[in-house]
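# Working through the structure, step by step
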Amino acid sequence: MADEIAALISSIGLTQETFLVFCIIAVVVVGAIVVIIATRPILDIYPYLNPSARVRARKGRLFDEKQMTELVDANNVEEVENYLKGVPEYAETLDNYPLDKALDVQAAETYDFVSRLAPKEVKAPFVVMARKTDVDNIKSLLTAKEIGLDSEETKELLIPGGDLYDDLSNLVDAENITDIVTGLDGTEYATALEDALPAYEDSGMILPLESELDKHYLRKLLKSTDVPGDENRQIVYSFIGTKVDISNLKLIIRAKQDGLTYDDISPYMLTEGYQLREWKLKDLMESPDVTNVISGLEGTKYAEPLADAISEYNETENVAVFERALDVYLAKHAKSLASKKPLGVGPIVGYLSQKETEIKNLKIIARAKREMGFPNSKIMEMLIWVQ
């Protein structure tokens, strides 16, 4: 047998030593391929190991249903605040700020935390979300100047966080709205605000300026995830895209409740979306009323949750039932996405969504407790529950 192999090697013009070298090279190549195939899953999950561990630690400190129920049972907003001061996650913030501002600070810190720990391949949209604090602070500056607040009162409205907090703090002494817009020259918001300035000057209302800020933020958020590649990016794209769609839907539903037409709404709308493309958004804006907006969503993933809220809307004529239905849908959607990639971006998306929901619920409870005799049963109905 050995002689036959030697003869075969000789017949193809190779010495035995050369053939042995080729065999070794082949073994090395095959071995390398096997190693790459075997280690690829590990390389894929490695960037997420530390971020996942950190968000899971924080996730364990989120309020459960029992704690939320205890807060609902509080007699007044002071009791709510005292309860939260006993929770390390909120205690330090509440030592420095009143309740409403403390919750906004918590939200800003959460976005900043997630944006810093997110792996490079999915970092961009979380960085954009962290800049929402800048957008909110610019809106607060504009509002403060519109209603005539002094510098100290204006400074109290600003949330410490974002990229521009120090710059915006220096604008609290601005004489007027135009000075604020001029003071933001060189920032990413300058063009959007300058474009809206003529509409503000014509109307005397800051709504055009606020709308341009919102559109700028949503557009950047959507574009930060517009090229989904692997499953991690696809999950983030679905989460972010759904948030943008829901923001657009809330605006359209509120506008139709107020009897506004397409021409009234379109200047304030981002005519881009995730599942709701430009043509669909145009159809919805042209709908004659709220119920036609809901029926116009047939065939989209938003149809069922909103259709389920129609009967309650018919009884109350309050569009808040649709907004809650959309918030519940987003929370459930995020939970579903998180389960798809438990060793990837899933825990990050899951934690962020749950923290957003927790803060929304705490704001609902705080507002309700400021109203004398507001029924606890009604508060429970208003909260966002995700099973």
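Read on for an overview of the structure. For every chain, the first residue of its written sequence is number 1, and the numbers climb from 1 along that sequence. Local features in this predicted model are restricted to residues whose pLDDT is 70 or higher, and side-chain atom pairs enter the listing and the counts only when it is 80 or higher, whereas totals over whole chains, interfaces and linings include all residues. Hydrogen atoms and water are omitted, and side-chain values are computed over all heavy atoms in the structure.

### Examining the environment of Y313
Using the following cut-off: Each helix is a run of DSSP H or I of at least 4 residues and each strand a run of E of at least 2, with the numbering of both proceeding from the N terminus. Residue exposure (1.4 Å probe, protein chains only): buried if accessible area is under 20% of the type maximum, exposed if over 50%, otherwise partly exposed. Residues are treated as being in contact if the distance between any of their heavy atoms lies within 4.5 Å.
One can find Y313 in helix α19 (residues 310–316). Residue class for Y313 comes out buried when judged on its relative accessible area of 10%. Sequence separation between Y313 and V290 is 23 residues; the distance between their C-alpha atoms is 9.6 Å. In this structure Y313 touches Q257, V290, T291, N318, V319, V321 and F322, once residues within four positions along its chain are discounted.

### Notes on the layout of surface pockets
The test is simple: The way it works is a 1 Å grid over only the protein atoms, where trapped points that fit a 1.4 Å probe form a cavity and open points with protein on both sides within 12 Å along at least five of seven lines form a pocket, and then any residue with an atom within 4 Å of a point lines it. Grid points are joined across faces, edges and corners, and a volume is the space filled by probe spheres set on the points.
The computed volume of the second largest pocket comes to approximately 520 Å³. F63, Q354, T357, I384 and V386 are the residues nearest the centre of the second largest pocket, which is lined by 21 residues in total. Ranked by the residues each element gives to the lining of the second largest pocket, the list is headed by helix α21 (residues 346–369), at 6 residues.

### Structural notes on the packing of aromatic side chains
The criterion, for reference: Think of it this way: a Phe, Tyr or Trp ring, Trp meaning its six-membered ring, pairs with another when their centres are within 6.5 Å, and the plane angle makes it stacked under 30 degrees, edge-to-face over 60, tilted otherwise. In this scheme, Lys NZ or Arg CZ marks a charge over a ring once it lies within 6 Å of the ring centre and within 35 degrees of the ring normal.
Counted by the stated rule, this structure contains 6 aromatic pairs. Following the ring pairs from residue to residue traces out a cluster consisting of F63, Y83 and Y90. Across the ring face of Y217, the terminal group of K132 is positioned such that the distance to the ring centre comes to 5.8 Å. In this structure, K282 is placed above the aromatic ring of Y262, and the distance from its NZ or CZ to the ring centre is 5.4 Å.

### Looking at the environment of Y268
In this fold, Y268 is placed in the loop between α15 (262–265) and α16 (278–285). Note on Y268: relative accessible area 28%, which makes it partly exposed. In this structure the C-alpha to C-alpha distance between Y268 and K215, which are 53 residues apart in sequence, comes to 7.7 Å. Those residues in contact with Y268, other than ones at most four positions away along the chain, are L207, P208, S211, K215 and L251.

### A closer look at helix α14 (residues 231–257)
The line we're drawing: One less than the number of residues in a helix, times 1.5 Å, gives the span that helix is expected to have.
Between the first and last C-alpha of α14 there are 39 Å, a value that for 27 residues agrees with the 39 Å anticipated at 1.5 Å per step. Where burial is concerned, most of α14 is hidden: 20 out of the 27 residues are buried. Where α14 ends, the next residue or the one after it, G259, has phi of about 75 degrees, a positive value.

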